[in-house]
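What follows is the residue order along each chain.
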Amino acid sequence: MADITIYTRQFCGFCTAAKRLLQKKGVSFVEHDATLKPDLRREMIQRSHGGSTFPQIFIGDIHVGGCDELYALDRAGKLDPLLRADH
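The rules behind each value
- Residues numbered from 1 in each chain as written.
- Predicted model: local features only at pLDDT ≥ 70, side-chain atom pairs only at ≥ 80, totals over all residues.
- Heavy atoms only, no water.
- Helix = DSSP H or I, 4+ residues; strand = E, 2+ residues; numbered from the N terminus.
- Contact = heavy atoms within 4.5 Å.
- Phe/Tyr/Trp six-rings, centres within 6.5 Å; stacked < 30°, edge-to-face > 60°.
- Lys NZ or Arg CZ within 6 Å of the ring centre and 35° of its normal.
- Core = buried A, V, L, I, M, F, W, Y, C linked by side-chain atoms within 4.5 Å.
- Buried < 20%, exposed > 50% of the residue type's maximum accessible area, 1.4 Å probe, protein only.
- Axes fitted to C-alpha atoms, helices over the stretch in contact; angles between N-to-C directions.
- Parallel < 35°, antiparallel > 145°, perpendicular 65-115°, else oblique.
- Left-handed = near helix turned anticlockwise from the far one by under 90°.

Honestly, the environment of Phe 14 in this entry has me stumped. Any pointers?
With respect to the helices, strands and loops of the structure, Phe 14 is situated in helix H1 (residues 13–24). Taking the C-alpha atoms as reference points, Phe 14 and Phe 58, 44 residues apart in sequence, are found 15 Å from one another. Those residues within four positions of Phe 14 in sequence are excluded, and the remaining contacts are Phe 54, Pro 55, Cys 67 and Asp 68.

Structure representation (structure tokens):
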């Protein structure tokens, strides 16, 4: 199973939707709430090569992007294999 990391902020509907999909898939993930943590926000932006919107999602070493990209992967049938893979 791949390690999943999601950078979030409080009161973010997209963050909630992304976490809901991951929970529905039955996978565990590490959540970094960067609401009041500029160091975490900088880490997120650096790790995502400039992604500054929330959420930013990583499955193993792969930067998925945000909520829309996560749902697009699911609709295309590509999310489940990605979640099962070791990265």
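Here the narrative resumes.
Would you take a moment to explain the packing of aromatic side chains for this structure?
Two aromatic rings are characterised by how far apart their centres lie and by the angle between their planes. Summed over the entire model, instances satisfying the criterion amount to one aromatic pair. Seen from the ring of Phe 58, Arg 47 lies directly overhead, with NZ or CZ sitting 4.1 Å from the centre.

Teacher, can you tell me more about the nonpolar core here?
Burial of nonpolar side chains together is a common tendency in soluble globular proteins. One finds Ile 59, Leu 70 and Leu 83 to be the most contacted residues of the largest nonpolar core, which totals 16 residues. For this core, the secondary-structure elements that each account for two or more residues are strand S1 (4–8), H1, strand S3 (56–59), helix H3 (67–75) and helix H4 (79–84). It is H1 that contributes the most residues to this core, four residues altogether. Apart from residues no more than four positions distant in its own chain, Leu 70 is found in contact with Ala 18, Leu 21, Leu 22, Ile 57, Val 64 and Leu 79. Membership of the second largest hydrophobic core comes to eight residues, among which are Tyr 7, Cys 15, Phe 54 and Phe 58.

Could you clarify how one ought to interpret the packing of H1 against H3 in this entry?
When two helices pack together, their arrangement is given by the angle between the helix axes and by the axis-to-axis distance. The interhelical angle for the contact between H1 and H3, taken along N-to-C directions, is 30°, at an axis separation of 9 Å. Judged by the inter-axis angle, H1 sits roughly parallel to H3. In this structure, H1 meets H3 at a crossing whose hand is left-handed. Listed contacts from H3 to Phe 14, Ala 17, Ala 18, Leu 21 and Leu 22 of H1 are Cys 67, Asp 68, Leu 70, Tyr 71 and Asp 74.

Honestly, it's all geometry; don't read function into it.
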